Amino acid sequence: MILTTVILLNIPFGYWRESVNKFSFQWFLSIHLPVPVIMFLRIRMGLGWELTTYLMLAGAYFTGQCLGAMWHRRWKKSMRLSSCLVLDILRSRWIIIIFRRYL
């Protein structure tokens with residue numbers, strides 16, 4: 001359950017990371033902001049600090065970041081994007097609704 005949470009938490013941050021310049025302040029924030037939340041979840045769930053749990057959470061972290069970046073790259077080909085995943089999802093749904101109305 002915690003691995004799924006970590007993946008889902010990092011998808012918007014990976015999406016954001018893909019839309020900003022590499023090594024900029026926003027890029028730094030998009031990578032490091034989810035880390036305290038993950039540490040809180042780790043402590044709250046009582047996972048401890050064993051190497052196996054660390055590797056599994058790190059894998060989930062990078063999976064979420066990569067999925068968000070891939071999502072941004074794929075959508076970039078078809079529509080104009082912002083750096084916010086939620087806004088772009090809403091915008092894409094509104095476009096579908098508007099086009100259905102006129103077809």
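A few points on the structure. A quick note: this is a predicted structure, and the numbers were derived from the prediction, not measured.

Scoring rules and cut-offs
- Residues numbered from 1 in each chain as written.
- Predicted model: local features only at pLDDT ≥ 70, side-chain atom pairs only at ≥ 80, totals over all residues.
- Heavy atoms only, no water.
- Salt bridge = Lys/Arg side-chain N within 4 Å of Asp/Glu carboxyl O.
- Helix = DSSP H or I, 4+ residues; strand = E, 2+ residues; numbered from the N terminus.
- Buried < 20%, exposed > 50% of the residue type's maximum accessible area, 1.4 Å probe, protein only.
- Core = buried A, V, L, I, M, F, W, Y, C linked by side-chain atoms within 4.5 Å.
- Contact = heavy atoms within 4.5 Å.
- Phe/Tyr/Trp six-rings, centres within 6.5 Å; stacked < 30°, edge-to-face > 60°.

**Considerations on the pattern of salt bridges**
Then comes step 1: According to the stated counting rule, one finds 1 salt bridge in the structure shown.
Then comes step 2: The salt bridge involving E18 is made with R73; its shortest N-O contact spans 3.2 Å. Residue E18 is located in helix α1 (residues 2-18), and its partner R73 is located in helix α4 (residues 51-76); the two are separated by 55 residues in the primary sequence.
Then comes step 3: Take R73: its relative accessible area is 43%, and that puts it in the partly exposed class.

**Structural notes on the nonpolar core**
Then comes step 1: I2, V6, F13, W16, V20, W27, I31, I38, L41, L57, A60 and Y61 together form the largest nonpolar core, which totals 12 residues.
Then comes step 2: Of all the elements in the fold, those that place two or more residues in this core are α1, α2 (25-32), α3 (34-45) and α4.
Then comes step 3: Counting residues per element, this core draws most heavily on α1, which supplies 4 residues.
Then comes step 4: The residues touching V20, leaving out its near neighbours within four places in the chain, are Q26 and W27.
Then comes step 5: By size, the runner-up hydrophobic cluster in this structure holds 5 residues, among which are I11, Y15, W75 and L85.

**Structural notes on unusual backbone geometry**
Then comes step 1: The phi dihedral of F23 falls on the positive side, at around 65°, and the residue is not glycine.
Then comes step 2: Along the chain, F23 turns up in the loop between α1 and α2.
Then comes step 3: Accessibility expressed as a relative area gives 65% for F23, which makes it exposed.

**Concerning the packing of aromatic side chains**
One pair of aromatic rings is described through two measures. These are the centre distance and the angle between the planes.
Then comes step 1: Here the structure, examined in full by the defined rule, presents 5 aromatic pairs.
Then comes step 2: Ring centres of F13 and W16 lie 6.3 Å apart, and the angle between their planes is 45°; this geometry places the pair in the tilted category. Note that F13 and W16 are positioned in helix α1 at a spacing of 3 residues, about one turn of the helix. The pair formed by F13 and W16 is uniform in burial state, with each residue classed as buried.
Then comes step 3: When the ring of W71 is compared with that of W75, the centres are 5.5 Å apart and the planes differ by 80°; the resulting orientation is edge-to-face. Note that W71 and W75 are positioned in helix α4 at a spacing of 4 residues, about one turn of the helix.
Then comes step 4: Looking at W75, the relative accessible area reads 16%, which means it is buried.
Then comes step 5: Following the ring pairs from residue to residue traces out a cluster consisting of Y15, W71 and W75.

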